[in-house]
Amino acid sequence: MSASLTLVVLMAVMYAAGVYVMLERSLTRVLIGFLLVGNATNLLIFIMSGRPGSSPIVTGTSLGDMVDPIPQVLMLTAIVINFGITALLLALIYRSWWLAQLGDEGDTLTDEHAAESADQADDAFRSSSDDDDAIAESLDEFERGDGATSDEDTAARKTDAAGRAAASASPRHGEEKR
C-alpha cells in the first residue's frame with residue numbers, strides 16, 4: 001500500500017494541532033493535545049505498516065503474502081500507553097480542580113476527630129465492634145431459623161424490644177428518681 005496523501009496530511013495536522021494545544025498552560029488542553037498526538041502516532045504507524053496481506057498466523061500462505069505483525073503490535077502498545085497517560089492526566093486534572101475548590105486551606109483541612117480523647121475513640125471503636133457482633137448474632141439466628149421471617153415478626157420483635165427498653169428505663173419499685 002502506498003501512503004495516501006490524505007492520511008499523511010491528516011497525520012501532520014493532528015501532530016501540529018496536538019503540539020500547539022499541549023503548549024497551553026491548562027491541564028485540560030494538555031490532555032487534548034496528548035490525545036491528538038497519540039492518535040497521530042497511531043496513524044503514522046498505520047501508514048508505515050506497508051501493504052495489506054494475509055494474516056501471519058494462517059498456515060499455507062507464502063512469506064511474500066504475509067503482513068508484518070510488528071506495526072500492529074506497536075499500534076496496540078501505543079494505544080495502551082495513550083490510555084494509561086490519559087488516566088494519569090485525568091487524575092491530575094481532578095486533583096488540581098479539587099485543590100482549587102478548597103481555596104486557601106489546601107490540604108490542611110481540620111481533623112473532625114481531633115478534639116476527641118483516646119477514651120472517646122475507644123468507646124466509638126467498641127460500639128462499632130458491638131454492632132458487628134449484633135449483626136453476626138442476627139445472621140446466626142436467621143440461619144438457624146430463629147430469626148424473623150416476615151414483616152409482622154419483625155414488627156412484633158421491635159415492639160417487644162421497645163417495651164423491654166422502656167421497662168428497664170423506668171425506676172424500679174422502691175427507688176426514687178433523682
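Residues numbered from 1 in each chain as written. Predicted model: local features only at pLDDT ≥ 70, side-chain atom pairs only at ≥ 80, totals over all residues. Heavy atoms only, no water.

1. Looking at the side chain of N42
Stated precisely, the cut-off is as follows: Starting at the N terminus, helices and strands are each numbered in turn, a helix being any DSSP run of H or I of at least four residues and a strand any DSSP run of E of at least two. Note on classification: 1.4 Å probe, protein chains only; a residue is buried when its accessible area is under 20% of the maximum for its type, exposed when over 50%, partly exposed between these limits.
With respect to the helices, strands and loops of the structure, N42 is situated in helix α2 (residues 27-48). According to the relative accessible area criterion, N42 is buried, its value standing at 11%.

2. Section: helix α3 (residues 70-102)
Selection criterion: Here, expected helix span is obtained from the residue count minus one, scaled by 1.5 Å.
End to end, α3 covers 48 Å across 33 residues, agreeing with the expected 48 Å (1.5 Å per residue, within 8%). By the burial criterion, the buried members of α3 are P71, A78, N82, T86, L89, I93 and L102. The positive-phi residue at the C-terminal boundary of α3 is G103, with phi of around 75°.

3. Here's the deal with helix α1 (residues 5-22)
Heads up, the rule is: When we speak of the arc, we mean the arc of directions from the helix axis to the C-beta atoms. Any two residues having at least one pair of non-hydrogen atoms within 4.5 Å are treated as being in contact.
In a regular helix each residue adds 1.5 Å, so 18 residues correspond to 26 Å; α1 covers 26 Å between its end C-alpha atoms and thus fits that length. Turning to α1, its buried residues are M11, M14 and G18. Seen along its axis, α1 keeps its buried residues to an arc of 65°; they face one direction. Turned more than 90 degrees from where α1 packs its buried face, L5, T6 and Y20 sit exposed. Packing partners of the buried residues in α1 comprise α2.

4. Some points on the packing of aromatic side chains
Note the cut-off: Two rings from Phe, Tyr or Trp (for Trp, the six-membered ring) form a pair when their centres sit within 6.5 Å of each other. Planes less than 30 degrees apart are called stacked, planes more than 60 degrees apart edge-to-face, and all others tilted.
By the definition in use, this model includes 1 aromatic pair. Between Y94 and W97 the ring centres are 5.9 Å apart and the planes differ by 35°, which places this aromatic pair in the tilted class. Here Y94 pairs with W97, and both are found in helix α3, just 3 residues apart, close to one helical turn. Among the residues examined, W97 registers a relative accessible area of 45% and is labelled partly exposed.

5. Observations concerning the confidence of the model for the protein chain
Basically, it comes down to this: Scored between 0 and 100, pLDDT is the confidence that the predictor attaches to each residue.
Mean pLDDT over the protein chain works out to 78, with 69% of the residues at or above the 70 mark. Within the protein chain, the lowest mean pLDDT, 59, falls on helix α5 (residues 151-169), and the highest, 94, falls on α1.

6. Let's talk about a negative patch on the surface
Rules: Patch membership requires more than 30% relative accessible area and the absence of a salt bridge. Residues of like charge join within 9 Å; the nonpolar side chains Val, Leu, Ile, Met, Phe, Trp and Tyr join within 5 Å. Each accessible area value is a Shrake-Rupley result obtained with a 1.4 Å probe; residue values ignore everything except the protein chains displayed when judging cover. Take a side-chain nitrogen of Lys or Arg and a carboxyl oxygen of Asp or Glu: if they are within 4 Å of each other, that pair is a salt bridge. Neither His nor the chain termini are counted; the positive set is Lys and Arg, and the negative set is Asp and Glu. For charged residues, the charge sits on one atom: NZ in Lys, CZ in Arg, CG in Asp, CD in Glu.
Together, D130, D131, D132, D133, E137, D140 and E143 make up a negatively charged patch on the protein surface. Positionally, D132 belongs in helix α4 (residues 118-144).

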